[in-house]
Amino acid sequence: MTGPPVCGSLGGMRGGVRVAAVGDLHIRAAVCGRFRPAFLELDADLLLLAGDLTEGGTLREADMLCAELAGVPVPMVGVLGNHDHDHRQGFRIAAMLADAGVRMLDGTTTVLDVGGVRVGIAGVMGGSGGFPGHPGDPDSGSPEHRERYRRGPADALRLRAALDTLDTDLRIALMHFAPILGTLAGEPPRIFPGLGCAELGAAADAGRADLVVHGHAHAGTEYGTTPGGTPVRNVAYPVLGAPCRSYRLRPRDR
């Protein structure tokens, strides 16, 4: 009998803080229990949840999600994704996850002490907004489309402000939408503008993040880097092909 799937790790580093992350679980009846064995045996110091945690934003799916996360042995920090708002119940889903022990962020921060290393996490959902060469059209389409394009730049401002409040050894920017083009490689270019916003990546650089974590781009690429050199990881479950991935971070001189 094989054991539960495990999270991969970023090679070449020893010590430091082990950050496990996944997004786009899209929890529903058909996948209930798929992630739980790996979550219960996490070899990490914390778990980041990068949005679209439910398939359609229903409270029943949120109940399933909370059951999936029950008993996870490390601190959990999360943001919601666009699908978590499909039934306009995002605020209730966030409250349910908070009751289940997840520190939910929305333009806010949390700080964890990991073996004497202070890890600060700033989180937003993010939104569309486009990228150089792929600007999109924020002034047409459905009201939902236009709102999503407004939210990308607005959440970038909130992310920068949140990162600026962190006086910690490590800073992580957690979001659902993509902050760079690099981790969208594999997606059709025509949808790049709707998958993220370059201003989110600029905010992470300006806020001196050590790592950026996002999901949303199911056919994208795991590894990327902001224009300022900050590592970016697309942890959407369809990209990882595993219940999560873990990355090791070490504090740097600021």
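Naming follows an unreviewed UniProt entry, where the protein appears as Icc-related predicted phosphoesterase of Nocardia mexicana.

Asker: Residue-level account of the UniProt feature "domain: Calcineurin-like phosphoesterase" (unreviewed entry) in the protein, with values.
Answerer: Using the residue numbers shown here, the UniProt feature "domain: Calcineurin-like phosphoesterase" (unreviewed entry) corresponds to residues 18-219. The span residues 18-219 is 30% helical and 20% strand by assignment, and the distance between its end C-alpha atoms comes to 25 Å.

Asker: Tell me about the sheet that holds strand β8 (residues 170-174), and please be specific about residues and values.
Answerer: The six strands lie next to each other as β6-β7-β8-β9-β11-β10, forming an open sheet whose pairing is mixed. The open sheet is flanked by β6 (108-114) and β10 (223-225), the only strands paired with a single partner. Sheet twist, expressed as the mean angle between neighbouring strand axes with direction ignored, is 25 degrees. Bridge count between β8 and strand β9 (residues 211-214): three bridges; the pairing is parallel. From the neighbouring strand, L174 faces β9, where its bridge partner is V213. Along the sheet, helix α4 (residues 143-164) contacts β6, β7 (117-123) and β8; its crossing angle with β8, the most-contacted strand, is approximately 160 degrees.

Asker: Now, about the pattern of salt bridges: what can you tell me, with residues and values included?
Answerer: Throughout the structure, instances matching the rule amount to ten salt bridges. Taking the shortest distance from any N to any O, the salt bridge between D43 and R18 comes out at 2.5 Å. Within this pair, whereas D43 is found in the loop between α1 (36-40) and β3 (46-50), its partner R18 is found in strand β2 (residues 17-22), the two being separated by 25 residues in sequence. The network of salt bridges with shared partners includes D106, R151, D155 and R158.

Asker: So what's going on with helix α2 (residues 59-69)? Residues and values would help.
Answerer: Buried residues of α2: E61, A62, M64, L65, C66, E68 and L69, and no others. The inward-facing, buried residues of α2 abut α1, β3, β4 (76-79), α3 (90-99) and β5 (102-104). G71 sits one or two positions beyond α2 and adopts a positive phi of about 80 degrees.

Procedures and definitions
Residues numbered from 1 in each chain as written. Predicted model: local features only at pLDDT ≥ 70, side-chain atom pairs only at ≥ 80, totals over all residues. Heavy atoms only, no water. UniProt positions renumbered as here; feature names shortened; annotations may be inferred. Helix = DSSP H or I, 4+ residues; strand = E, 2+ residues; numbered from the N terminus. Pairing = 2+ DSSP bridges. Axes fitted to C-alpha atoms, helices over the stretch in contact; angles between N-to-C directions. Contact = heavy atoms within 4.5 Å. Salt bridge = Lys/Arg side-chain N within 4 Å of Asp/Glu carboxyl O. Buried < 20%, exposed > 50% of the residue type's maximum accessible area, 1.4 Å probe, protein only.

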